[in-house]
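# Examination of the molecular architecture
The lines below spell out each chain.
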There are 2 protein chains.
Amino acid sequence: MPEQSVVAGWIAVDWGTTHLRAWAMQGSTVLAQADSADGMAKLDRDGFEPALMHLVNDWLGCDPTPVLACGMVGARQGWVEAPYHTVPAKPLGAPPIPAPANDPRIAPLIIPGLKQDTPADVMRGEETQIAGFLALNKDWDGILCLPGTHTKWVHVSAGEIVSFQTFMTGELFALLGARSVLRHSLAGDGWDEPAFAAALNETRSRPERLAGLLFSIRAEDLLHNQPAAIARSRLSGLLIGAELAAARAYWLGQQVAVIGSAQTTKPYATALDLQGVPATVADGTRMTLAGLTAAYRSLKGSV
Amino acid sequence: MPEQSVVAGWIAVDWGTTHLRAWAMQGSTVLAQADSADGMAKLDRDGFEPALMHLVNDWLGCDPTPVLACGMVGARQGWVEAPYHTVPAKPLGAPPIPAPANDPRIAPLIIPGLKQDTPADVMRGEETQIAGFLALNKDWDGILCLPGTHTKWVHVSAGEIVSFQTFMTGELFALLGARSVLRHSLAGDGWDEPAFAAALNETRSRPERLAGLLFSIRAEDLLHNQPAAIARSRLSGLLIGAELAAARAYWLGQQVAVIGSAQTTKPYATALDLQGVPATVADGTRMTLAGLTAAYRSLKGSV
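Residues numbered from 1 in each chain as written. Chains lettered and ligands numbered in written order. Predicted model: local features only at pLDDT ≥ 70, side-chain atom pairs only at ≥ 80, totals over all residues.

### Details of the sheet that holds strand β10 (residues 142-146) of chain B
All names here are of chain B. Pairing is mixed in the open sheet, where 5 strands are placed in the order β12-β11-β10-β13-β14. A strand with exactly one partner marks an edge of an open sheet, and here the two such strands are β12 (160-167) and β14 (279-283). With direction set aside, neighbouring strand axes in the sheet form an average angle of 20°. Judged from the 5 bridges that link them, strand β13 (residues 256-260) and β14 form a sheet pairing that is parallel. Following the sheet pairing, Ala-257 is matched in β14 by Thr-280. (Pairing = 2+ DSSP bridges. Helix = DSSP H or I, 4+ residues; strand = E, 2+ residues; numbered from the N terminus. Axes fitted to C-alpha atoms, helices over the stretch in contact; angles between N-to-C directions.)

In structure tokens:
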């Protein structure tokens, strides 16, 4: 039996460094979904349209279909550069930038990222998740934490992004866990909550200890056979604890929501809870879709 | 003209994770030197003897030649495990361990590393450099800093290693510079001393800022075209500043010597100088040779 045919009213695209995800949409309803590993990093400028068409070709009707895309696809090395918009700003405050396409059945538009001049910082993709969160939580003021390879702490007030700061915690965890000497002590998948909490507390209260505590993960394995689950939980706790110490001005006494996948949000929500900050958790993919939908609506409204 | 033939009285070997270096010795005089990339990490147990023979074969006479080796060659995955000796201890306080050899012309001996139970820590190879430094600097008391992939801070008193702590600063610099998003902003070789000093001061005085300042290296490039030399110097300064903050109990008000290559010791000596701690600098290879020579002498003395 052939797959039921889908014609998208518009197409939502989340296009990051290492992945490409597309949804066939009708209004805010998802009709179909497809993804591939054609992230921005492995494509040259001419590769973007074919990579997209590979996923969405079957969803296209005769009229040009709007394609709303967010993420690294708008970087200088992306399909077309969508220059950063400067904060303070609404997350979708700048109009999307058209990308060149040969196929007349698509009309691709790329959502610009945001920049902060001082301290220098940038985001691409998170602005769309933030827009989605604000579309679903009207009049929400407070702090959004978006954990990932590069975690963002974002101060939102009156519908605007006031300021934000990026931490490389996720990338550090991945590099140290997979490529440093610590990799020998982290094999496997287990997790140890008390070890996470203890390590978190060590660097949250004394962040200067991070540099000296990392190698102890290896030494505790060599000398005292520390299990890998404890090692992995300690590495996560040490890094997130140091991040919490540095981001203290963001979360202390604030209303906080954590946006991301179940896997990335859990240690952050736990860590905040341990500081007496109960955090709302919101699914990252859902926020991306809600943000792209908000962008599509404002586009239609403006035509 | 054939190379002049050399017969070694004994052979000194520095055998690390990624390199193998051998010297043909007569007493404390170097007769010849050879090296290869046959580090511990790429050899299985049966590979050590051939890798060594490849370098030293031409130096061997008829009698068994003592081969004194230090470094990761004595790790569990090495030629033979030379179990850690526990501090407080003299750097060469434990006797070297014989390694099995098929060729009767060599008598290989491996110098044990040192361990500290609490806080858990280990070293292999640095104990020999420390022994070399102490052989050349009689009655020296104070702090030795041995920068490298894993920097060691070592408290020496009355000829013994009292305590030590390892920092992964060198490995972090290498991973962040070559494999993280920062690599795009660090290309090239330049150096900027004021940028190094400023970054050092930021994390030395406020180590909790490290986690948040790393990504700013990327953002300053994207937004303000920060030159790669400044980016690289800032990354080094931020990491060493955080290390100095954590190792403060080691160096504050102490006599300090920094042991290593010209490249690794320079930023540490500069950083200590900026804290008002003038540090002696000693060449790492020379200390290794002096330490292996001290081990050879104590071996001969004990026969």
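From this point, things continue past the structure.
### A few points about the interface of chain B and chain A
Size of an interface, as often reported, equals the accessible area lost when the parts are brought together. Listed as interface residues are 35 residues of chain B and, on the opposing side, 35 residues of chain A. Listed by contribution, the elements that provide at least two residues to the side of chain B that touches chain A are β9 (121-123), β12, α3 (169-179), α5 (210-224) and α6 (228-246) of chain B. In terms of residue count, the dominant contributor to the side of chain B that touches chain A is α5(B) (10 residues). Of the residues in the side of chain B that touches chain A, the class split is 18 nonpolar, 8 polar and 9 charged. (Contact = placed C-beta atoms within 7 Å. Nonpolar A, V, L, I, M, F, W, Y, C, P; charged D, E, K, R; others polar.)

### Digging into the packing of α3(B) against α6(B)
Residue and element names in this part refer to chain B. Where α3 contacts α6, the axes come no closer than 10 Å and their chain directions differ by 150°. Accordingly, the angle class assigned to the pair α3 and α6 is roughly antiparallel. Viewed along their axes, α3 and α6 form a crossing whose handedness is right-handed. Residue-level inspection shows Thr-169, Leu-172, Phe-173, Leu-176 and Gly-177 of α3 in contact with α6, the latter providing Arg-232, Leu-235, Ser-236, Leu-239, Ile-240 and Glu-243. Of the residues that constitute the contact of α3 with α6, the class distribution is 6 nonpolar, 3 polar and 2 charged. (Parallel < 35°, antiparallel > 145°, perpendicular 65-115°, else oblique. Left-handed = near helix turned anticlockwise from the far one by under 90°.)

### Overview of the domain arrangement of chain A
Domain assignment breaks chain A into domain 1 (10-124) and domain 2 (167-283). Between the C-alpha centres of domain 1 of chain A and domain 2 of chain A the distance comes to 32 Å. (Domains from an automatic or database assignment.)

### As for the sheet that holds strand β5 (residues 85-86) of chain A
Pairing between the strands of a sheet comes from backbone hydrogen bonds, and it takes one of two forms, parallel or antiparallel. As summarised here, the arrangement of the 3 strands in space is β5-β8-β9 (chain A), forming an open sheet in which the pairing is mixed. Looking at the sheet topology across the chains shown, the edges are occupied by β5 and β9 (121-123) of chain A. Bridge count for strand β8 (residues 114-116) of chain A against β9(A) is 3 bridges, and the pairing is antiparallel. Bridge pairing in β9(A) links A:Lys115 to A:Val122. Along the sheet, α5(B) contacts β8 and β9 of chain A; its crossing angle with β9(A), the most-contacted strand, is approximately 85°.

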